[in-house]
Amino acid sequence: MASIVQRGKSYCVVYYTVKDGVRKQKWETYHSQNEALFRMRVVEYHQRVKKSEAVGQPETVAQLLYEYVHLYGRAKWSLSMYTTSMGLIQNYIIPLFGTVQLKDLSPRLVAELYSVFQDCKPNSPTALKSIQKLLHSAFEQAVLWEYVERNPFHKAIIPKIRPMSQTLLLPKQIHALLQRCESLWLRLAIELAFVCTLRRGELLALQWTDLNEKERILTVNKQVTRMEGELDVTEPKTKNSVRKVALSQQAVNLLVQEHEQHPDNPILFPSPRTGGYWSPDAVSRINRKLLKNAGIEEHVRFHDLRHTFATMAISSGVDVKTLSSMLGHYSAGFTLDTYTHITNDMQRGAAEKIGGFMESATATTTPEPPDLPEGSRCKVIPFEKVG
């Protein structure tokens, strides 16, 4: 490893080298901190390469993944993506695949291990898809690094994923939640999560400058997350999550009223205890307490307010493209997949309407006999009564 030591206006990169079996400390001086940082990364990279050459190429999935994260993940991933991926590796992949030898891994073995995972973790459909995506990427790099000849996850058979049921709130339950709010910020938080479909982290990261009072527009461009025990403000979940949300005049007035309670704080919803950002976990705890006070026994996450709005919007006929942009989804197709249970119901309703229309359009009626002319001695007898 290497380190940087500041001496006056200069920055020194300090590291150890081994020459003729003797370990010596080396100092290199640079005029700027950026130059020193760059040199330190180069030194550390060369040290890692020498260490990996001494150890040899990875033999197990666990060894490959840690190298993949170190060489590929740190260069490509955001901080939130890095944390999520490490969680998948440590909690799911290593226990399942960690000790498997690279040379023994085949599409059939992958399918077998996925089945085991599905039996052990029946309520983790999203995790299984994320695991497949991560392992496929890791072994693509392994092919490029010539550790393996082919990617065993390229044609892997993933068990049919059982979708998790979503818990939705009724309008009267949402009204009950709002009635139980003891503070203005909490009421606003619920309204924005529901009407504006904001995610929990996006809501907590809002600042006063994100609100355009005149245009009644709220800009969503960041989120609060917890990284390694510390709160951090990062970019939103995806690039499509950066969006502008239209507000009612009433919502704008309430936001202005809330900001007047702490005019010197740039955060729209600051923690009253610290003055900084709320922890997402703290909001979840408040939500559980609020549900209990409102007499709602169902397990409803704060995020389910967003699902409730989306479900109501689709059922009310809001087009999927508009809803997708409001939710910050990366595509309208993803929105359809997420709320497929609603669109299926709508398709059945449409089919019944079309069926009713076709039935009425193709129905045959028995013609009425013509009226007799006045004074006519002829009598018209319907054909079916003849004989």
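Everything below is about the structure shown above.
Residues numbered from 1 in each chain as written. Predicted model: local features only at pLDDT ≥ 70, side-chain atom pairs only at ≥ 80, totals over all residues. Heavy atoms only, no water.

## Side note on the overall build of the protein chain
Scanning the protein chain from N- to C-terminus turns up 14 helices and 8 strands. The 387 residues of the protein chain split such that 39% are buried. Entry remark: accessible area of the protein chain is about 24800 Å², with carbon and sulfur atoms responsible for 53%. (Helix = DSSP H or I, 4+ residues; strand = E, 2+ residues; numbered from the N terminus. Buried < 20%, exposed > 50% of the residue type's maximum accessible area, 1.4 Å probe, protein only. Areas by Shrake-Rupley, 256 points an atom, 1.4 Å probe, with all protein chains shown as cover.)

## Here we look at helix 6 (residues 171-179)
One turn of an α-helix holds 3.6 residues; hence residues three or four places apart share an orientation. Those residues of helix 6 not exposed but buried are Gln173, Ile174, Ala176, Leu177 and Leu178. Summarising the contacts, the buried residues of helix 6 are in contact with helix 7 (184-195), helix 10 (280-293) and helix 11 (304-315). (Contact = heavy atoms within 4.5 Å.)

## Let's talk about the pairing of strand 3 (residues 22-30)
The sheet contact formed by strand 2 (residues 10-19) and strand 3 spans 9 bridges and is antiparallel. Each residue of the ladder has a partner; that of tyrosine 11, found in strand 3, is tyrosine 30. The turn linking strand 2 back onto strand 3 is made up of 2 residues, and aspartate 20 within it adopts a positive phi angle of 55°. (Pairing = 2+ DSSP bridges.)

## Some details on the sheet that holds strand 4 (residues 211-212)
Reading across the sheet, the 3 strands line up as 4-5-8 and stay open at both edges, with antiparallel pairing between neighbours. On the outer flanks of this sheet lie strand 4 and strand 8 (243-246), each paired with one strand and no other. As paired elements, strand 5 (residues 217-220) and strand 8 share 4 bridges and run antiparallel to each other. Note on strand 8: the bridge partner recorded for leucine 218 is valine 245.

## Some points on the nonpolar core
Counting residues in hydrophobic clusters, the biggest one holds 46 residues, and the most contacted among them are Leu192, Leu198, Leu247 and Phe269. Sorting the residues of this core by element identifies helix 6, helix 7, helix 8 (200-204), strand 5, helix 9 (249-259), helix 10 and helix 11 as the ones contributing at least two each. Considering each element in turn, this core owes the most residues, 9 residues, to helix 7. The next biggest cluster of nonpolar side chains, apart from the first, holds 31 residues, and it includes Tyr68, Met86, Val148 and Phe153. (Core = buried A, V, L, I, M, F, W, Y, C linked by side-chain atoms within 4.5 Å.)

## Here we look at the packing of aromatic side chains
Taken as a whole and judged by the stated rule, the model has 10 aromatic pairs. With centroids separated by 6.0 Å and ring planes inclined at 80°, the aromatic side chains of phenylalanine 97 and tyrosine 114 adopt a geometry described as edge-to-face. With phenylalanine 97 in helix 3 (residues 79-97) and tyrosine 114 in helix 4 (residues 107-120), this pair connects stretches of sequence that are 17 residues apart. Summarising the burial analysis for this pair, phenylalanine 97 and tyrosine 114 share the class buried. Taking the centre distance of 4.8 Å and the plane angle of 25° together, the rings of tryptophan 185 and tryptophan 278 count as stacked. Pair noted here: tryptophan 185 is in helix 7 and tryptophan 278 is in the loop between helix 9 and helix 10, with a separation of 93 residues, a long-range link. (Phe/Tyr/Trp six-rings, centres within 6.5 Å; stacked < 30°, edge-to-face > 60°.)

## Brief notes about the sheet that holds strand 1 (residues 3-7)
Strand order in the open sheet formed by 3 strands is 1-2-3, and the pairing between neighbours is antiparallel. Every other strand in the sheet has two partners, leaving strand 1 and strand 3 as the edge strands with one partner each. For this sheet, the mean angle separating the axes of adjacent strands, direction not counted, is 35°. (Axes fitted to C-alpha atoms, helices over the stretch in contact; angles between N-to-C directions.)

## With respect to unusual backbone geometry
For glutamate 146, which is not glycine, the phi torsion reads 65° and is therefore positive. In this structure, arginine 216 takes a positive phi of about 60° despite not being glycine. Structurally, the position occupied by arginine 216 is in the loop between strand 4 and strand 5.

## Some thoughts on the pattern of salt bridges
According to the stated counting rule, one finds 7 salt bridges in the structure shown. The closest approach of N and O atoms between glutamate 28 and arginine 39, which form a salt bridge, is 2.7 Å. Remark: arginine 39 occurs in helix 1 (residues 33-55) and glutamate 28 occurs in strand 3; sequence separation between them is 11 residues. Accessibility expressed as a relative area gives 24% for arginine 39, which makes it partly exposed. Lysine 222 is the salt-bridge partner of aspartate 210, the closest N and O atoms lying 2.7 Å from each other. Taken together, the residues aspartate 210 in the loop between helix 8 and strand 4 and lysine 222 in the loop between strand 5 and strand 6 (223-227) connect sequence positions 12 residues apart. Each member of the pair aspartate 210 and lysine 222 is classed as buried. (Salt bridge = Lys/Arg side-chain N within 4 Å of Asp/Glu carboxyl O.)

## As for the packing of helix 6 against helix 7
Geometry of a packed helix pair, given as the angle between the helix axes and the separation of the axes. Closest axis-to-axis distance for the helix 6/helix 7 pair is 9 Å, and the angle between their directions is 155°. The angle between helix 6 and helix 7 places the two elements in the roughly antiparallel class. Note that helix 6 runs across helix 7; the crossing there is right-handed. Contacts between helix 6 and helix 7 involve Ile174, Leu177 and Leu178 on the former and, on the latter, Arg187, Ile190, Glu191 and Phe194. Looking at side-chain class alone, the contact of helix 6 with helix 7 contains 5 nonpolar, no polar and 2 charged residues. (Parallel < 35°, antiparallel > 145°, perpendicular 65-115°, else oblique. Left-handed = near helix turned anticlockwise from the far one by under 90°. Nonpolar A, V, L, I, M, F, W, Y, C, P; charged D, E, K, R; others polar.)

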